[in-house]
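Here's the letter readout for the chains.
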Number of protein chains: 2
Amino acid sequence: MIKKVTRATISSPVAKETACPVARALSIVGDRWTVLVLRELTMGNRRFEEIQAQTGATPQMLAARLKNLETDRLVERRPYSTRPLRHEYYLTEAGLAFYSVLLALRSWGETWLKSDKEERAINYTHIPCGQDPGLGPVCEKCGGEMRQDQLLPRFSEAFARERDARKAAFKAARVKD
Amino acid sequence: MIKKVTRATISSPVAKETACPVARALSIVGDRWTVLVLRELTMGNRRFEEIQAQTGATPQMLAARLKNLETDRLVERRPYSTRPLRHEYYLTEAGLAFYSVLLALRSWGETWLKSDKEERAINYTHIPCGQDPGLGPVCEKCGGEMRQDQLLPRFSEAFARERDARKAAFKAARVKD
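Treat the numbers as computed from the prediction; the structure is a model and nothing was measured.

Asks: Would you take a moment to explain the overall build of chain A for this structure?
Replies: Counting secondary structure elements, chain A contains 9 helices and 4 strands. For chain A, the N- to C-terminal ordering of α and β elements is α-α-α-α-α-α-β-β-α-α-β-β-α. Dimensions of chain A, computed from the C-alpha atoms along their principal axes, are close to 50 × 40 × 30 Å. For chain A, with 177 residues in total, the buried portion stands at 45%. The long-range share in chain A, meaning contacts at least 24 apart out of those at least 6 apart in sequence, stands at 49%. Surface summary for chain A: the accessible area is close to 9,000 Å², and the carbon and sulfur share equals 52%. Mean positive and mean negative side-chain charge positions of chain A (30 and 22 charges, respectively) differ by 5 Å.

Now the structure itself:
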């Protein structure tokens, strides 16, 4: 079992200033780029360029966010090639646990930030019951917890197209370089 | 019933760029000061100076965040005095619905960003069952949803002292001006 994130409790000035868990959380994830990086890692995008393509972050921004997430022990770097040395980024237990916040943001965004004409970007199948759990926080069909490892995502056509287009645009831009 | 937040779906560039509800949400709440303001409004602090005292934001930062939250229709301004004209800030339905995100941040922060010696900043009583619902997303005692209007907060001594001290420090600083 991976140890708990301790930096915020020990070395972060925010942790010394306040007992508020929300303020402490924001000292680590209170930046939209950091949350977008966690979104990509949660979706299984582990490589720097994949994350860059889907978040639209500059390499400098992304490198800084990943470094902080590693220091904060939400992310672990693991080599997948030695020549040249290349790393993949994995969520730690603390990083995986952040899924509950992403799920709440998804629910709020789908409910309040979309027109009635727009469909959900991702629909899930809740593996324990085999049905669409809805927006959560618990499965609206079986009442069970929506654990990320028990959710099968199905992208909407629009969202799938959008992500493919980002990947293609990113590759095309690199070829030009 | 208050209409849904529409700015992000109509005028925000992010809404045009992506169908992702998380990215859309972050275009509105992807800034730690904005979330701290929503935390205070959720706690019932409706006045500019109360929010300033508890978030530690400068007046300029706070004014900008409140203005954006109003434009995004998470917050409504209501006059409470006419001479001089003074306003209180209230959460709209969309702003109240953001509580689920604050609750998820609380749970993640209490679980991962505290030492075992530290107690929870706030414990709740879940009114429907009269027991401590724990960290959620649903009451660990009765399994019911943790709706903000059904939760009775009880501050820890440390957190109560911390908030009183902030209020006192803010007043003292104003007297000096």
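Now, onward.
Asks: Whenever I open this one, the packing of helix α4 (residues 32–42) of chain A against helix α3 (residues 21–29) of chain B confuses me. Can you help?
Replies: A pair of packed helices is captured by two measures, namely the crossing angle of their axes and the spacing between those axes. As a packed pair, α4(A) and α3(B) sit with axes 10 Å apart at the nearest point and diverge in direction by 170°. The angle between the axes of α4(A) and α3(B) places the two elements in the roughly antiparallel class. In this structure, α4(A) uses R32(A), V35(A), L36(A) and R39(A) to contact α3(B), whose residues at the interface are V22(B), A23(B) and L26(B).

Asks: Would you take a moment to explain the nonpolar core for this structure?
Replies: Across soluble globular proteins, nonpolar side chains show a tendency to be buried alongside one another. V29(A), L105(A), W108(A), V29(B), L105(B) and W108(B) are the most contacted members of the largest nonpolar core, which totals 82 residues. The residues contacting W108(A), other than those within four sequence positions of it, are L113(A), A25(B), I28(B), V29(B), L74(B), A94(B), A97(B), F98(B) and V101(B).

Scoring rules and cut-offs
- Residues numbered from 1 in each chain as written.
- Chains lettered and ligands numbered in written order.
- Predicted model: local features only at pLDDT ≥ 70, side-chain atom pairs only at ≥ 80, totals over all residues.
- Heavy atoms only, no water.
- Helix = DSSP H or I, 4+ residues; strand = E, 2+ residues; numbered from the N terminus.
- Buried < 20%, exposed > 50% of the residue type's maximum accessible area, 1.4 Å probe, protein only.
- Contact = heavy atoms within 4.5 Å.
- Areas by Shrake-Rupley, 256 points an atom, 1.4 Å probe, with all protein chains shown as cover.
- Lys, Arg positive; Asp, Glu negative; His and termini not counted.
- Charge placed at Lys NZ, Arg CZ, Asp CG, Glu CD.
- Axes fitted to C-alpha atoms, helices over the stretch in contact; angles between N-to-C directions.
- Parallel < 35°, antiparallel > 145°, perpendicular 65-115°, else oblique.
- Core = buried A, V, L, I, M, F, W, Y, C linked by side-chain atoms within 4.5 Å.

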